[in-house]
Amino acid sequence: MTAAPPLQDPVLDLKMVDTLVAECGQSPDAVIPILQKLQAHYRYLPEAALRRVCELTDITPASIAGVSTFYSQFRHKPVGRHIISICHGTACHVKGSGLIQDALSRHLKIKDGDDTDMNGVFTLKRVACLGCCTLAPVIKIDAVTYGHLTPETVARAIQDFLELEKRQVVPRHYEQAKSTPEGLTEIRIGVGSCCVAGGSQTVRQELEDEIKNLGATAVVKPVGCVGMCHQTPLVEIVSATGEAVTYAKVQPGEAAQLVRQHFKPKGIIRKLRSGLTGIMEHLLTDDAWEPVSRYALDVRDAPVCSFLGKQRRVATEWCGDIDPLDLNEYCAHHGMEALKACLGAESPDSLIQTIIQSGLRGRGGAGFPTGRKWNMVRHAPVGQKYILCNGDEGDPGAFMDRMLLESFPYRVLEGMIIAAYAVGASEGILYIRSEYPLAIRRIRDALAKLKAHGYLGRSILGSPFSLTLRIAEGAGAFVSGEETALLASIEGQRAMPSFRPPYPAEHGLWGCPTAINNVETLALVPWIIRSGATAFTALGTSTSAGTKVFSLTGKVQRGGLIEVPMGITLREIVEDIGGGTGSNKKFKAVQIGGPSGGCLPASYGDTRVDYEALAAAGCIMGSGGLVVLDDSDCMVELARYFMTFTQHESCGKCTPCRIGTKRMLEILERLCAGQSQAGDIERLEQLAHTTRTGSLCGLGRTAPNPVLSTLLHFRKEYEAHLAGRCPSLKCQALIAYQINNKCIGCTKCAQACPANAIELAPYQLHVIQQDKCTRCDICRQVCPTDAVEIGDKTSLDGTGSKI
Amino acid sequence: MPNLIINGKALTVEPGTTVLEAARLAGISIPFMCSVKGLPHFTSCMVCVVQNTATGQLLPSCSAMATEGLVVETHTEAVVQARAASLNLLMSEHAGDCEAPCTTTCPAHLKIPLMIRQLVDGQPAAALATIYDTIALPAVLGQICPAPCEKACRRGRVDAPLGICSLERFAADEASYTPPPPTLPTQKRIAIIGAGPTGLASAFYLAQAGHECTIFDERAKPGGQLRYGVPNHLLPVAVLERDIQRIHLPGVHFRMNTHFGTNIALQDLKAQYDAIIIATGKTSLEILTSWGLTATSKGIQIQEHSFRTSDEKIFAGGEAVQAGHLTVRAVAHGRSLAISINQFLKGLPVTGPVRRFESRLGQIKDSESQELLKEAAPYSRTVSLAGSGAGFSCDEALRESKRCMHCDCRKAESCKLRDYMEIQMAGPLHVPPEGRKPVERNITHPTVIFEPGKCIKCGICVRITAQQGESPGLAFQNRGFDATVGVPFGDSLEAALGHSAKLCVTECPTGALSWKDS
């Protein structure tokens, strides 16, 4: 861990500003990169530094003030030495991220309204999504991720982090491995964000150490995401003869054992076992309180078959097989064939024709036909044109784009080069959110390599076609995913959408015709060119061709990144691929499309994944978030959750969205707090209608969807809340904890209760004092006999006993 | 040149014309708040929406271009609803009163804070002119008004209310009054029966509008109860005379010692005059019905706002329609009568005075009181050295005037939000008043006052300061509902609004930016 500057810099050294202005340029559009670099250096944006930027550049004070307060990445106040990012993505939310946040504040004694503890060590930061949905609930302390937390275990996570810091363990970054020489066993390890968060870097280190130690005939090879995020970290051992064994949830400390198992007689393992325990000291995910489950996974095993069987890999082809940054390997797996074919023989027009015939529609959510979009740009007046890759994936609970950029950078870039060729663009930008550092690093490396090999730059592969690509880092604004807001952001403004038309295809970046495509859309392009339009249409339904990548999370046994053919039913996804809820709780609904999407009840399980079918059911395809909910999830609370998100992310430009989302949120908060007023449901409906029809951009127009769809399918739950009850027993203000007669008087709950709401009473039935209880859930979790139950608040009198 | 159709009207416009501009050229008015000609459009308020007939979609007309073949309607039900919804949402966060509580409480609706600002500015004549806009007997009311306004004064919740009545008296006593130049005679004749406060006030405003007024009264001198009912120690005759003197405008005739019913009959008056006002004061039911008018024990029955009786030519006010002793109400009736008759004589719908939409804060928090107190002197209520019966001296009046918190809005008469709310008041969406922005005032600029709680985030001032090259200028800060307009780096408003101040204040569609002295 690098030493952090102190909380407050008494004298600010501003020389740094001059250096970085020289680096980023002085034009107004350099404002975001400059702010990002300033913050990387000072850890916040000191006013003196901002004023200096204005002196040195063409950036105005109004612009720097507007931009630096718009994007949530930027901080204007000094922060603690370490930042704890608490993920509030949908998956984490349904698994209790709110309780985790409360527990952290309590543990660090952070006052209401503050975000940093008194000693300036830790700063708490809510983040929309860390993209590790399968480890939910997740927090990240600086670069270390802790998953599967409970309110009770946050203290240990912090302690563990401080110990790591003391030992000065430096997190390792992934570099590309040398290619595997013939005759060697390949040990593949996932290096996607989920696997890394699951501890794969440490596992990899151990594997390498042990191979060296044993002199084994094996190499460790980093591979992209396999999609089985519920099993991270995954290790696959492929022998020289091609036999493969997969190990799931391999924990640090066990990796060495795996290597020995494959390369030494079994007897030795037994001898070494006692010595192994010493390694298990500082683990990233805490096996100290959760027994490590490691087991061999064979693809022939039934669950894995189901998980993989119904999937169809197009955008994620060769997942888990190829090293993300090995260009040779990408080419050996048909990579760059499509690009070569296009540049060699195909005219842009016939290429666009193929895409039109394939029926490819934008995977960002709205589903606009990609070929038509390209055609518009191609036939816009001659001049400068741009290609943009929209990687501003912001749905909490979705990480498709992140995974594609991390695991298949060359495929995305090949698709983008083809798109640029088709539309006649000579410059392009990949807009990637800064919350995805790994994706940015991989794309940067991949761009350098493509340039070195003649796939980018002047006269690509000897053709007359030239293209330069660069990365623009997003700074934390969900609305930047809207294409006109994306343009504003690249141009160095607040990411506020503008009225369309004109569409970016006619009047885009700097007023030039611009094609904007989503990451997944571009990743599908090479396959379509290589396999033909009909192969793609054969995969889907009549209006929705091909496949769709989803991040399957929530109350599901086997979550992860999945790619399915269009037309598959929701039930197949939840039951067959996901294996159901994985608990005794019933599958209640799926939430599709995140904050712009809606909830479909289990009775709609036969709905097909198809743009039109989902719309007809009151939902949208969205970008690919798919959260499974069980009967312990409250739909009103979920609507409140999404409205909190969109209200926070509204850019504030147009009245219906800026104020409408706020007023809707107030009503939803009242409903969840048991303070609703008569007529609230009707008011909510009316506001939803107003915001839907009157808002300027897609964010505002779709913001009411989570409300409208839950009102449509779960209106009874709203009515119950109006009467002060939460049928799912989820809304804290409407429930009460109580102890039943299963209590054996072990005092565990009383000792664990952070609010002193339970009096210590050995061998007696314990009682929760309702006026002190904060409903943090800790007592229920520590109770060894399931004696703590949650009940309806209205069924309790003031003393906590049942009426 | 694109051809389009707006409300069925075919138009051809220059390429690059917005739908809003095209409609304006065609004489069709569309409400709008966030756009200004010559500035880039921003598409924020969503009040200017129109409906695309082909798709049914609502388009912001300030940003949608007039394109070939476009067909739009500007007043469909969906449009009206969407506009009302946006306006209601804007109102739901609006932190400001259109009129100060003192003004809304005053039966005559006197613009008290404006009067006080004029006194502070050392312009008592202007202050008196402000009083005369709504009150025709200022000296009288300065003496005897029970001042309901003072009960509503927000300063009363801090220490003690302003001495509004004494200030009015000061202006009436000390300032010289020049009546506005007479309008062209209309050749219309009005008979006013009763020379009490209602009759006198109505004559004053009717004469100003160019009508010929004849006041009939059975007594020897005008003034009614003010002369013959109120004891002299409460209202010296000299004070009354001064007010009456100012009502002696060209076109005002007094026919004293004329008993209505004996010397003149209603039927004759109806034949000779274009309209008749009955301001006879408290009159018995028997007499009232004998005139052939519908009446109850309380008085003559009139239509609520127009003061019209069952006879369309006859209007009535004062105690003849409503028993009670508030002189200020009787005086206010006089002005309302004049407005109704003016409408009647011009052939307009007779509605009485315009009842404007009013944003009302109601009770405010203590922290908000503190914001308003920024403009007020901290000391306690002024006591006249000359004794409680005497008026303020110049110094005392100035001292007391400085205590005013200026609760009113400086843009009450030019605020677009108020204008449009008035038109759209029957909007379908009612948002509960909670969650409005806090009342805030930035008074650091020498001439401009900035009230963020009234800002609708249209960004007009942000664009103006940028266009005019102000540095630092104004900037949007934060995002979403928390977005505000402010000065970068917390610099002063004076630094932000230099040469562009005038343009910003003029173009700001609400009272967020206004002149301090307006």
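You'll find the structure just up there.
A brief report on the enclosed structure follows. As the structure is a prediction and not an experimental result, all values here were calculated from the model.

1. What about the packing of helix α15 (residues 348–358) of chain A against helix α16 (residues 370–378) of chain A?
Residue and element names in this part refer to chain A.
No. 1: Direction vectors running N to C along α15 and α16 enclose 155°, while the axes themselves pass 7 Å from each other. Taken together, α15 and α16 sit at an angle that is classed as roughly antiparallel. Crossing of α15 over α16 shows left-handed handedness. Judged by residue contacts, Pro-348, Asp-349, Ile-352, Ile-355 and Ile-356 of α15 engage Thr-370, Gly-371, Arg-372, Trp-374, Asn-375 and Arg-378 from α16.
No. 2: Here the contact of α15 with α16 is composed, by residue class, of five nonpolar, three polar and three charged.

2. As for the side chain of Ser-650 of chain A
No. 1: Assignment of secondary structure puts Ser-650 of chain A in the loop between α25 (635–649) and α26 (655–673).
No. 2: Residue Ser-650 of chain A is classed as buried on the basis of its relative accessible area of 1%.
No. 3: Discounting residues that sit within four places of it in the chain, Ser-650 of chain A has contacts with Cys-657, Arg-658, Thr-661 and Leu-699 of chain A together with Arg-479 and Gly-480 of chain B.

3. Structural notes on the interface of chain B and chain A
No. 1: Contacts between chain B and chain A engage 40 residues on the former and 44 residues on the latter.
No. 2: Both sides of the chain B and chain A interface together cover about 3300 Å² of buried area, and 61% of this is carbon and sulfur.
No. 3: Between chain B and chain A we count three salt bridges in total.
No. 4: One salt bridge connects Arg-479 of chain B with Glu-649 of chain A, and the closest N-O pair in it is separated by 3.1 Å.
No. 5: The interface formed by chain B and chain A holds 17 residue pairs in polar contact (both at pLDDT 80 or more) in total.
No. 6: Breaking the side of chain B that touches chain A down by element, the ones donating at least two residues are β4 (58–60), α2 (77–92) and β14 (475–477) of chain B.
No. 7: Top element by residues in the side of chain B that touches chain A is α2 of chain B. It accounts for five residues.

4. Looking at unusual backbone geometry
No. 1: For the bond running from Arg-500 of chain A to Pro-501 of chain A, omega is 0°, close enough to zero to count as cis.
No. 2: By the secondary structure assignment, Pro-501 of chain A is in the loop between α20 (483–490) and β13 (514–518).
No. 3: Of the consecutive residues Ser-471 of chain B and Pro-472 of chain B, the connecting peptide bond is found in the cis state with omega at 5°.
No. 4: When you line up the elements, Pro-472 of chain B lands in the loop between α19 (460–467) and β14.
No. 5: Although it is not a glycine, Lys-109 of chain A sits at a positive phi angle of roughly 55°.

Reading the values: the criteria
- The residue count restarts for each chain, going from 1 along the sequence in the order it is written.
- Naming scheme: in the order in which they are written, chains are lettered from A and ligands are numbered from 1.
- For a predicted model such as this one, the threshold for reporting local features is a pLDDT of at least 70, and the threshold for listing and counting side-chain atom pairs is 80 or more; totals across whole chains, interfaces and linings nevertheless cover every residue.
- To get the side-chain values, take all heavy atoms of the structure and skip hydrogens and water.
- Think of each axis as a best-fit line through the C-alpha atoms, taken over the contacting stretch in the case of a helix, with angles from 0 to 180 degrees between the N-to-C directions.
- Counting from the N terminus, the helices are DSSP H or I runs at least four residues long and the strands are E runs at least two residues long.
- If an angle is under 35 degrees, it is roughly parallel; if it is over 145, roughly antiparallel; if it lies from 65 to 115, roughly perpendicular; otherwise it is oblique.
- Working rule for handedness: look at the near helix, and if it is turned counterclockwise from the far one by less than a right angle, call the crossing left-handed; if clockwise, right-handed.
- Contacts are assigned to residue pairs that have any heavy atoms within 4.5 Å of one another.
- Gly counts as polar in this scheme, as do all residues outside two lists: the nonpolar Ala, Val, Leu, Ile, Met, Phe, Trp, Tyr, Cys and Pro, and the charged Asp, Glu, Lys and Arg.
- Burial status follows relative accessibility: with a 1.4 Å probe on protein chains alone, a residue under 20% of its type maximum counts as buried, one over 50% as exposed, and anything between as partly exposed.
- We define buried area as the total accessible area lost by two parts upon association, computed with a 1.4 Å probe and summed across both.
- Definition used for salt bridges: Asp or Glu carboxyl oxygen within 4 Å of a side-chain nitrogen of Lys or Arg.
- For the purposes of these results, a polar contact is taken to be a pair of N or O atoms within 3.5 Å, where, inside protein, one atom must be able to donate a hydrogen and its partner to accept one; residues adjacent in sequence count only when each atom of the pair is a side-chain atom.

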